[in-house]
Amino acid sequence: MSATSPPAAPSSKSWTVRTRERAVAALPPEKLLPDGQPTYVASWIYVFGVASIAALVVIVASGSILALKGPAWWHYTGIGHFFNSIHMWGVELFFFVMVVHLWGKFWMAAWRGGRTRVWITGAITFLVAVPTALTGYVSQQNFDAQWIATQAKDGLNAVGVGAFFNVTNFGQMYSWHVLLLPMAVIALVAAHVLLVRRHGVVPPFSIDDRKAALASSSAAGASSTTAPPNGSPAPPTSTETPPPGSPPPTSTGIGS
Amino acid sequence: MSVLAAAVFNLNHPAHTVDWEFIHLSVANVVVIGLMLIVFLLAILLPFPGAARRAATRRGERS
Amino acid sequence: MSFLRPTDDTRPWSGPYAPYDLIKELFIAIGVIALLAIVLTVLFSSPDDPPSTIAQWSRQQPINFTADATKELNGTSDTAEYGPPYNHNGEGQHAAFLYPQKWLGVSHPIDTTNDFVLGPLKTVTGDPALQSAVAAYEAAPEATKKAWGEAYVKPLEEYETASEEGKTPPSAVSADPATGAVTVKATGAGPVPTLMGGLLALAQSGGLDGDLLTSRQFFQTDYTKPLLFMADGGLLEKRAQEQHLLGEQWGMMNETGSYPGQAWLWLYALWYQVEPFKASENADILVMLVMGVLSLAFILIPFVPVVNRLPRWIPIYRLIWREHYRAGQSA
């Protein structure tokens, strides 16, 4: 039961109303959680995005258990070592599936049709995952951590980052690893997934237009594009099948 | 440590390496990279389930 | 829209949608990945090589420890001459006119002479000879300290060099296997032999590990001092070589034992093996700059000419979307 029972005026000054209307306009429920996908989503390569999320879930869950008992626990109990192993293999699986996902998305040129930000958020997620792993490695409190910390410090010091990011400072590295960097990764993944939901999975290359596309200039500075400004999938026409089970899409969605 | 003895395969010995010119990669890393390439190829080659359902959708038999 | 975007003929999809259960797929994926992680854990577990301590280093390599400790006292060790962020005794690395290491300054000051040697020695009680050696050293003029230090370190460095080259080490330096004490035949070394003997004993007793960690306060989570001291010496490097973790072994990609490591660091590791990075004193900043540029290019691939055309030119997409094309939906 909304406190504002009558619909708000279009130029409402309420931050809440404006936020809600913008959110719902960008991602109405049937777009946020569609129960259908375009028929061209028909390849195993498409599961590697959700596999990356799954690996992240395994990493965060096992990492949370390690955090419950503190950093010394896994060195002297079998069950602690068990969860540390799951955490380590989760990380190996995460990078494995994430890179296969990246390869697939590159060869699909998945940035097309207004999906540049999808690519950018995905690429930045990978690049942030690397120091997230590094801070984990230097937080292990074993020989590997000693070696990695004393080596990595040189690269970081050389570019000045070492002045405020000290890999030999366990307390700092543990904080970055357990809180700050996972928050960054999760926020980036959330933005990435919401952008995919907003713009839809990138359509295939059009074969008919392939020759025209190949002939066109590839240099930076080409300015023509035929995609609509936000590149989102157009509402299906009356002759096409709408997403199964969803109401006819409206421009503002429900919820106002 | 008892839990390490419990692992089916003990990997706690110095790694073997694959060496070529100036490239020196551990066998474990080569296996990982090789598996990634194989999995990528399988992912784009293996048929994805639901082809009949998608074909029916295209024909307009499903709503 | 940015004028940098290349020609894009992608049209919004106006075709059919087939049922697809995203939430079920998510749960299946979590189940599969979790199962894989558990299976790998049961099969292989994970590595946990115990850390080295200064006590172990000083017991296993007493001559190497003494040589390095002398350099710390003299201010000629790697850490002593590192420069920022630890001290001003070096400029650090640079690339052309870029000196970020110098510009960001000394944020974690380390004075190896006092922090690694004299400070810990002053905490030793019941050894008046040691304390008067410390006092004598501190009271001496700089030139005298330098002369003492160099007189003591010279035979030690000759010993280390001979060992590295596999030659017979000079007899001026020896270690007593029973007591762990090191004897260095050097003249004109002043109180330095006493200082080094005292530090070696403190290290071998385990006192130096704790001393370097808690010198400022009881609770400490910053291991910079003991780690830098150990990294100046030979034990960590010896273990690293055995585990294929050295730079020239592509070590930054590797894990201890035979476990997979960080394969995603392959390109970062590669640059260090090729010129001009390999022999450069500024290898770290140069490699970081190259990787920085490449990372930016990776983020901006949609705008990078040629690269953003590769997916069209090498039609892997024909395999991925073959069902779609066969269904005649290419228009």
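Sequence order as written defines residue numbering, which begins from 1 separately in each chain. In the order they appear in the text, chains get letters beginning with A and ligands get numbers beginning with 1. Reporting in this predicted model follows two pLDDT cut-offs: at least 70 for local features of residues, and 80 or more for side-chain atom pairs to be given and counted; totals over whole chains, interfaces and linings ignore these cut-offs and use all residues. Each side-chain value is worked out from all heavy atoms of the structure, with water and hydrogens disregarded.

**Some thoughts on the interface of chain C and chain B**
Many authors give the size of an interface as the accessible area that is lost as the parts come together.
Reasoning step 1: Opposite the 38 residues of chain C that make contact, chain B presents 31 residues.
Reasoning step 2: The term buried area refers to how much accessible surface (probe radius 1.4 Å) is lost by two components on association, counted for both of them together. Both sides of the chain C and chain B interface together cover about 2900 Å² of buried area, and 62% of this is carbon and sulfur.
Reasoning step 3: Interface area lost by chain C to chain B is led by Trp250, Ser258 and Glu323 of chain C, which between them contribute 19%.
Reasoning step 4: What counts as a salt bridge is simple: a side-chain nitrogen of Lys or Arg found within 4 Å of a carboxyl oxygen of Asp or Glu. At the junction of chain C with chain B, the criterion picks out 2 salt bridges.
Reasoning step 5: Residues Arg58 of chain B and Glu323 of chain C are paired through a salt bridge, measuring 3.0 Å at the closest nitrogen-oxygen approach.
Reasoning step 6: Any pair of N or O atoms that falls within 3.5 Å is considered a polar contact. Within protein, one atom must be able to donate a hydrogen and the other to accept it, and sequence-neighbouring residues count only if both atoms are side-chain atoms. There are 15 residue pairs in polar contact (both at pLDDT 80 or more) connecting chain C and chain B.
Reasoning step 7: In this text, helices come from DSSP runs of H or I with a minimum length of four residues, and strands from runs of E with a minimum of two, each type numbered from the N-terminal end. Among the secondary structure elements, those contributing two or more residues to the side of chain C that touches chain B are strand 1 (17-19), helix 1 (22-44), helix 15 (317-320) and helix 16 (322-326) of chain C.
Reasoning step 8: Its residues placed into classes, the side of chain C that touches chain B shows 20 nonpolar, 13 polar and 5 charged. Note on contacts: a residue pair qualifies if any of its non-hydrogen atoms lie within 4.5 Å across the two residues. Polarity classes work like this: nonpolar for Ala, Val, Leu, Ile, Met, Phe, Trp, Tyr, Cys and Pro, charged for Asp, Glu, Lys and Arg, and polar for all others, with Gly in that last group.

**Comments concerning the confidence of the model for chain C**
A low pLDDT score tells you not to read the predicted coordinates there in detail.
Reasoning step 1: Confidence of the predictor in every single residue is expressed as pLDDT, which spans 0 to 100. Confidence in the prediction of chain C, expressed as mean pLDDT, is 94, and 97% of residues score 70 or more.
Reasoning step 2: This complex was scored by the predictor with a pTM of 0.89 and an ipTM of 0.95.

**Considering the pattern of salt bridges**
Reasoning step 1: Using the criterion set out here, one finds 11 salt bridges over all chains in the structure.
Reasoning step 2: Here Lys167 of chain C makes a salt bridge to Glu165 of chain C, at a shortest N to O gap of 2.7 Å.
Reasoning step 3: Across the pair Glu242 of chain C and Lys238 of chain C runs a salt bridge, and its minimum N-O distance is 3.5 Å. Of this pair, Glu242 of chain C and Lys238 of chain C are both found in helix 11 (residues 235-242), 4 residues apart, which corresponds to roughly one turn of the helix.
Reasoning step 4: Each of the salt bridges in this network shares a partner with another, and the network as a whole consists of Arg54 and Arg58 of chain B together with Glu323 of chain C.

**Focus: the nonpolar core**
For soluble globular proteins, nonpolar side chains are generally found buried alongside one another.
Reasoning step 1: In this structure, Ile45, Tyr46, Phe94 and Phe95 of chain A together with Ile33, Trp264 and Trp321 of chain C are the most contacted members of the largest nonpolar core, which totals 84 residues.
Reasoning step 2: Per-element tally for this core: the top contributor is helix 5 (residues 78-107) of chain A, with 14 residues.
Reasoning step 3: Discounting residues that sit within four places of it in the chain, Ile45 of chain A has contacts with Val100, Gly104 and Met108 of chain A, Phe40, Ala43 and Ile44 of chain B together with Ile320 of chain C.
Reasoning step 4: Among buried residues, the Ala, Val, Leu, Ile, Met, Phe, Trp, Tyr and Cys ones that are joined through side-chain atoms within 4.5 Å form a nonpolar core. Burial status follows relative accessibility: with a 1.4 Å probe on protein chains alone, a residue under 20% of its type maximum counts as buried, one over 50% as exposed, and anything between as partly exposed. If you look at the next biggest cluster of nonpolar residues, it comprises 46 residues, including Trp147 of chain A together with Ile63, Val173 and Phe229 of chain C.

**Observations concerning the interface of chain A and chain C**
Reasoning step 1: Contact residues are listed per partner, giving 113 residues for chain A and 105 residues for chain C.
Reasoning step 2: Buried surface at the junction of chain A and chain C, both sides included, amounts to about 9900 Å², of which 67% is carbon and sulfur.
Reasoning step 3: By the criterion of area lost to chain C, the three top residues of chain A are Trp89, Trp107 and Phe143 of chain A, representing 8% of everything that side buries.
Reasoning step 4: On inspection of chain A and its partner chain C, the count reaches 0 salt bridges.

**Details of the packing of helix 3 (residues 47-69) of chain A against helix 1 of chain C**
Reasoning step 1: The interhelical angle for the contact between helix 3 of chain A and helix 1 of chain C, taken along N-to-C directions, is 60 degrees, at an axis separation of 8 Å. Between helix 3 of chain A and helix 1 of chain C, the crossing angle belongs to the class labelled oblique. For the pair helix 3 of chain A and helix 1 of chain C, the sense of crossing is right-handed. For the pair helix 3 of chain A and helix 1 of chain C, the contacting residues are Val47, Val50, Ala51, Ile53, Ala54, Ala55, Val57 and Val58 of chain A in the first and Glu25, Leu26, Ala29, Ile30, Ile33, Ala34 and Ala37 of chain C in the second. The axes are straight lines fitted to the C-alpha atoms, using for helices just the contacting stretch, and the angles between their N-to-C directions are given from 0 to 180°. Reported orientations rely on four angle classes, namely roughly parallel under 35 degrees, roughly antiparallel over 145, roughly perpendicular from 65 to 115, and oblique for the rest. Here a crossing is taken to be left-handed if its near helix is turned anticlockwise relative to the far helix by less than a right angle, and right-handed if that turn runs clockwise.

**Overview of the pairing of strand 2 (residues 23-26) of chain B**
Residue and element names in this part refer to chain B.
Reasoning step 1: In terms of strand pairing, strand 1 (residues 17-20) meets strand 2 through 4 bridges, oriented antiparallel. Across the sheet, Val18 pairs through a bridge with Leu25, a residue of strand 2.
Reasoning step 2: Counting the residues that bridge the hairpin from strand 1 to strand 2 gives 2 residues, and of these Glu21 lies at a positive phi of roughly 50 degrees. Two strands are counted as paired when DSSP detects at least two bridges linking them.

**Some words on the packing of helix 5 (residues 112-122) of chain C against helix 8 (residues 192-204) of chain C**
Residues and elements named next belong to chain C.
Reasoning step 1: The interhelical angle for the contact between helix 5 and helix 8, taken along N-to-C directions, is 80 degrees, at an axis separation of 10 Å. With respect to each other, helix 5 and helix 8 are oriented roughly perpendicular. Contact residues: helix 5 offers Phe116, Val117, Leu118, Pro120 and Leu121, while helix 8 offers Leu195, Met196, Gly198, Leu199 and Leu202.
Reasoning step 2: Classifying every residue of the contact of helix 5 with helix 8 by side-chain character gives 9 nonpolar, 1 polar and no charged.

**Considering the packing of aromatic side chains**
Residues and elements named next belong to chain A.
Reasoning step 1: Working definition: a ring pair exists when centres of Phe, Tyr or Trp rings (six-membered ring for Trp) sit within 6.5 Å. Plane angles under 30 degrees give stacked, over 60 give edge-to-face, the rest tilted. Applying the stated criterion across every chain, the model contains 30 aromatic pairs over all chains.
Reasoning step 2: With centroids separated by 5.0 Å and ring planes inclined at 80 degrees, the aromatic side chains of Phe165 and Trp176 adopt a geometry described as edge-to-face. In this pair, Phe165 is assigned in the loop between helix 7 (143-158) and helix 8 (170-199) and Trp176 in helix 8, connecting sequence segments 11 residues apart.
Reasoning step 3: Taking relative accessible area as the criterion, Phe165 reaches 8% and is therefore assigned buried.
Reasoning step 4: On the basis of relative accessible area, Trp176 is assigned to the partly exposed category, the value being 28%.
Reasoning step 5: Measuring from centroid to centroid gives 5.4 Å for Phe170 and Tyr174, while their planes differ by 25 degrees, and the two rings are stacked.

**Description of the side chain of Asn142 of chain A**
Reasoning step 1: Of note, Asn142 of chain A is situated in the loop between helix 6 (116-137) and helix 7.
Reasoning step 2: A relative accessible area of 2% places Asn142 of chain A in the buried class.
Reasoning step 3: For Asn142 of chain A, the side chain forms a polar contact with the main-chain nitrogen of Asp144 of chain A, separated by 3.2 Å.
Reasoning step 4: Not counting chain neighbours up to four residues away, the residues in contact with Asn142 of chain A comprise Trp74 and His75 of chain A together with Pro47, Asp48, Asp49 and Pro51 of chain C.

**Concerning a nonpolar patch on the surface**
Reasoning step 1: A grouping of Trp44 of chain A together with Val18, Val27, Val31, Leu35, Ile38, Leu42 and Leu46 of chain B is seen on the molecular surface, where their side chains present a nonpolar patch of about 650 Å² in accessible area.
Reasoning step 2: In terms of residue count, helix 2 (residues 27-45) of chain B provides more of the nonpolar patch than any other element does, 5 residues in total.
Reasoning step 3: Assignment of secondary structure puts Leu35 of chain B in helix 2.
Reasoning step 4: Judged by relative accessible area, which is 41%, Leu35 of chain B ranks as partly exposed. Like charges within 9 Å and nonpolar side chains (Val, Leu, Ile, Met, Phe, Trp, Tyr) within 5 Å are joined into patches, using only residues over 30% in relative accessible area that form no salt bridge. Only the protein chains shown count as cover for residues, and all accessible areas are computed by the Shrake-Rupley method using a 1.4 Å probe.

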